[in-house]
Amino acid sequence: MCLFVCSEGLKESRIMGKKNKKDKKGKGADKNAAKMEKKVAKRSQKEEEDLETLIAEFRQLDAKKTQITEVACSHPLPRLNASLSPHPEKHELILFGGEYFNGQKTFLYNELYLYNIKKNSWTKLEIPNSPAPRSAHQAVVVPQDGGQLWVFGGEFASPNGEQFYHYKDLWVLYLASRTWEQIKATGGPSGRSGHRMVVCKRQILVFGGFHESTRDFVYYNDLYSFNLDTFAWSKLFPSGTGPCPRSGCQMACTTDGNVVIYGGYSKQRVKKDVEKGIVYSDMFLLKNEGREGADKWAWVRINPTGVKPSPRSGFSLAVAPNNRAILFGGVYDEEEEEDIQGEFFNDIHIYDMVKNRWFAVKLKGHKEEKKKRRRGRKEGDGTEVKSEKQDLQTSVEIVKEIVTEDGTLMTVKQVINSPDAKADTESEEEEEEEKEDGASETGPIIEPCARSSAMAVTKNGLFYIYGGMFEVGDRQFTLNDLYCIDLHKMNEWKVLVETDPKTQEWLDEDSEDEEVCAGAAGGDDEEGEEEEDDDESSEEDDDHPPVQSEEPYSEYLSRTESYWIQLAKDNMGQNVKEKKALKMAQAMAKAFYDENV
């Protein structure tokens with residue numbers, strides 16, 4: 001089931017990372033946080049009572065379901081802030097909940113999908129007595145009795161988009177019998193979203209998160225444990241100095257029962273109606289010092305070595321074999337000429353929890369063993385690690401700018417291998433050897449577009465990325481594509497489901513009565529218009545400078561750059577800044593080159 005709410009702005013869970021600046025930790029932070037928590041709880045009580053009425057209506061509709069239904073589908077609708085979990089006993093991934101924003105409405109889901117890895121197919125499950133629609137919740141799997149999916153917390157929103165309900169309920173889905181059960185145990189965390197949750201031996205640990213009302217908000221750094229044997233909650237009080245209150249961090253459990261926490265985000269109110277966002281990049285180890293089931297924990301601040309991820313929020317993380325954590329993507333917002341522009345990422349970093357070291361990953365691509373580059377060292381698992389200097393020599397950032405049907409200029413950044421940059425750094429002997437062997441690059445490595453708030457999971461040695469979002473100005477693009485990469489080979493991403501952001505619906509404040517973007521609705525007239533557009537595009541392409549046989553992109557751009565810059569100015573106006581015109585020119589040239597090689 002899906003519920004939607006009208007929204008005039010973006011919730012905290014969709015704007016994590018805005019106006020990021022470091023701030024010193026003030027004295028009495030814990031005391032102030034406690035006061036704010038009481039204040040928020042008092043103001044939000046009435047709001048949550050109103051929202052509980054809406055949730056009760058959903059439960060009445062859901063109560064009418066009496067049978068389990070299973071329907072094959074092409075793929076789920078676009079979403080972010082859902083949960084994606086590996087089935088503990090089958091070759092399947094489990095997708096639950098999430099949200100989608102189209103400019104005017106936020107759609108909240110409680111849908112349950114299974115992705116069959118071997119068949120590359122999606123199945124939608126409808127099970128009676130399911131949790132209410134939510135996003136920014138957490139889910140973990142337990143390999144017990146055929147597999148269990150545990151879900152805690154998350155958020156719901158009011159019809160006017162200004163009130164939020166934060167769940168504090170705990171649910172378990174028994175995967176073998178396909179039945180939901182709400183576990184009504186007292187003493188658990190307060191209602192929240194943006195928290196993080198992991199399974200550590202026979203207990204579920206919940207850390208952090210935030211709670212928001214109409215006028216106030218509070219962030220948490222408390223820690224709770226749910227015992228999977230006694231079904232009882234307990235609040236933990238580790239020794240040492242732990243992370244400051246935050247949401248959106250990432251947690252990873254090590255094989256020896258410890259927990260690593262990285263990053264996160266929080267807001268501070270600097271004065272009335274003025275808030276400041278803070279992005280964290282610190283790391284902590286939650287060390288299990290108990291014996292024979294005793295809950296004794298200690299916080300330890302850790303300082304990892306290696307190539308660390310740049311500051312960001314909204315990144316995705318999944319635990320991989322051999323005590324590794326895989327980090328993907330995220331967003332960092334910076335202010336430029338009075339505009340806040342988000343820089344979205346699609347890079348991969350690996351954190352070795354034994355060595356306490358970060359590694360930046362560069363995809364290898366398909367090459368025969370004798371033709372592999374020898375620059376950079378390799379870890380024992382085969383992952384190639386390069387320094388920042390080597391990265392600059394062997395990669396190039398490609399910026400694609402696409403004008404959608406409604407006139408929105410969409411920018412997609414991708415970092416791809418640059419064959420020309422590699423050639424410049426190789427010795428003459430290596431170049432001659434490659435000529436003799438006939439070695440050549442086959443083109444840019446395929447990668448997911450840069451994004452934040454994607455769902456990540458590992459299964460059978462593969463790392464999966466699903467959905468997420470990126471922004472262009474005030475427009476948000478929500479994705480439902482699915483990619484995977486082999487963690488051992490680390491050669492290239494494999495596209496399992498691909499979607500086109502240009503086909504997404506987006507409704508501005510004054511476009512409620514207008515038709516949606518192309519691709520969001522069908523019809524013979526639209527198809528005819530699309531065909532005419534394609535014909536026009538083909539005619540325009542014939543006028544562009546042609547690509548010569550076996551001509552590298554760098555040579556093509558150098559030969560035709562003046563033409564593309566003039567074309568960009570014709571489209572954007574002659575008074576456009578040179579930097580923007582050059583950016584658009586390179587994007588158009590690259591798009592034309594890719595279509596004609």
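Everything discussed here concerns the structure shown above.
Cut-off values and rules
- Residues numbered from 1 in each chain as written.
- Predicted model: local features only at pLDDT ≥ 70, side-chain atom pairs only at ≥ 80, totals over all residues.
- Heavy atoms only, no water.
- Buried < 20%, exposed > 50% of the residue type's maximum accessible area, 1.4 Å probe, protein only.
- Helix = DSSP H or I, 4+ residues; strand = E, 2+ residues; numbered from the N terminus.
- Pairing = 2+ DSSP bridges.
- Disulfide = S-S within 2.5 Å.
- Salt bridge = Lys/Arg side-chain N within 4 Å of Asp/Glu carboxyl O.
- Phe/Tyr/Trp six-rings, centres within 6.5 Å; stacked < 30°, edge-to-face > 60°.
- Axes fitted to C-alpha atoms, helices over the stretch in contact; angles between N-to-C directions.
- Core = buried A, V, L, I, M, F, W, Y, C linked by side-chain atoms within 4.5 Å.
- Contact = heavy atoms within 4.5 Å.

Colleague: Which parts of the structure should I look at to understand the pairing of strand β19 (residues 250-253)?
Modeller: On any regular strand, side chains alternate: one points to one face of the sheet, the next to the other face. Burial along β19 is two-sided: the face carrying Q250 and A252 and the face carrying M251 and C253 are both buried. In this structure, β19 lies alongside strand β20 (residues 259-271), joined through four bridges in antiparallel fashion. Paired with M251 across the two strands is I261, which belongs to β20. Taking the residues that link successive antiparallel strands as the turn, the β19-β20 hairpin has five residues, and the phi of G257 there is positive, at about 90°.

Colleague: Can you walk me through the pairing of strand β18 (residues 232-236) in this structure?
Modeller: Inspection of the sheet shows strand β17 (residues 217-227) paired to β18 by five bridges, in the antiparallel sense. Counterpart to N227 in the pairing with β18 is A232.

Colleague: I tried to follow the state of the cysteines on my own but got confused; where do I start?
Modeller: For the structure shown, the criterion picks out zero disulfides. Unpaired in this structure, C200 has its nearest cysteine sulfur neighbour in C253, at a distance of 3.3 Å.

Colleague: Got a minute to help me understand the pattern of salt bridges in this structure?
Modeller: For side chains of opposite charge, pairing can occur when their charged atoms come near one another. This model, assessed by the stated rule, comprises 13 salt bridges. Taking the shortest distance from any N to any O, the salt bridge between D216 and R269 comes out at 3.9 Å. Taken together, the positions of D216 in the loop between β16 (203-212) and β17 and R269 in strand β20 put the pair 53 residues apart, joining distant regions of the chain. Take R269: its relative accessible area is 34%, and that puts it in the partly exposed class. Ionic contacts of the salt-bridge type, sharing partners, join the residues D216, K267, R269 and E275 into one network.

Colleague: Explanation requested: the packing of aromatic side chains in the structure shown.
Modeller: Two aromatic rings, taken as a pair, are described by how far apart their centres are and by the angle between their planes. Inspection of the entire model under this criterion finds 30 aromatic pairs. On the numbers, 5.4 Å between centres and 50° between planes, the contact of F96 with W180 is tilted. Of this pair, F96 sits in strand β4 (residues 92-96) while W180 sits in strand β14 (residues 179-183); the two residues are 84 residues apart in sequence, bridging distant segments of the chain. An angle of 50° between the planes, with centres 5.7 Å apart, marks the rings of W564 and F592 as tilted. Separated by 28 residues along the polypeptide, W564 in helix α6 (residues 553-572) and F592 in helix α7 (residues 578-596) bring together distant segments of the chain. Since its relative accessible area comes to 2%, W564 is described here as buried.

Colleague: Any chance you could explain unusual backbone geometry here in plain terms?
Modeller: Trans is the prevailing form of peptide bonds, just as negative phi is the prevailing case for residues other than glycine. Even without a glycine there, the phi angle at N81 is positive, about 55°. Inspection of the secondary structure assignment puts N81 in the loop between β2 (69-73) and β3 (83-86). For N81, a relative accessible area of 13% puts it in the buried group. For N323, which is not glycine, the phi dihedral falls at a positive 55°. Here N323 shows up in the loop between β24 (316-320) and β25 (324-336).

Colleague: I'm lost on the sheet that holds strand β35 (residues 493-497) in this one. Help?
Modeller: Ordered in space as β32-β33-β34-β35, the four strands form an open sheet in which the pairing is antiparallel. Each end of this open sheet is capped by a strand with a single partner; those strands are β32 (455-459) and β35. The mean inter-strand angle of the sheet, taken between neighbouring strand axes irrespective of direction, is 30°. Pairing of strand β34 (residues 475-486) with β35, which is carried by four bridges, proceeds in the antiparallel orientation. By the bridge assignment for β35, L482 is matched with V497.

Colleague: Even after reading the chapter, I still don't get the side chain of H349, so can you show me in this structure?
Modeller: Among the secondary structure elements, H349 is positioned in strand β26 (residues 339-352). According to the relative accessible area criterion, H349 is buried, its value standing at 6%.

Colleague: Can you walk me through the nonpolar core in this structure?
Modeller: Note that soluble globular proteins tend to have their nonpolar side chains buried in a common cluster. If you look at the biggest cluster of nonpolar residues, it comprises 18 residues, and the most contacted ones within it are F463 and W493. Leave out the neighbours within four places in its chain, and W493 touches F328, I348, L363, I446, E447, P448, F463, I465, Y483, C484 and I485. In terms of nonpolar packing, the next biggest core, distinct from the first, is built from 16 residues, L84, W122, L482 and V497 among them.

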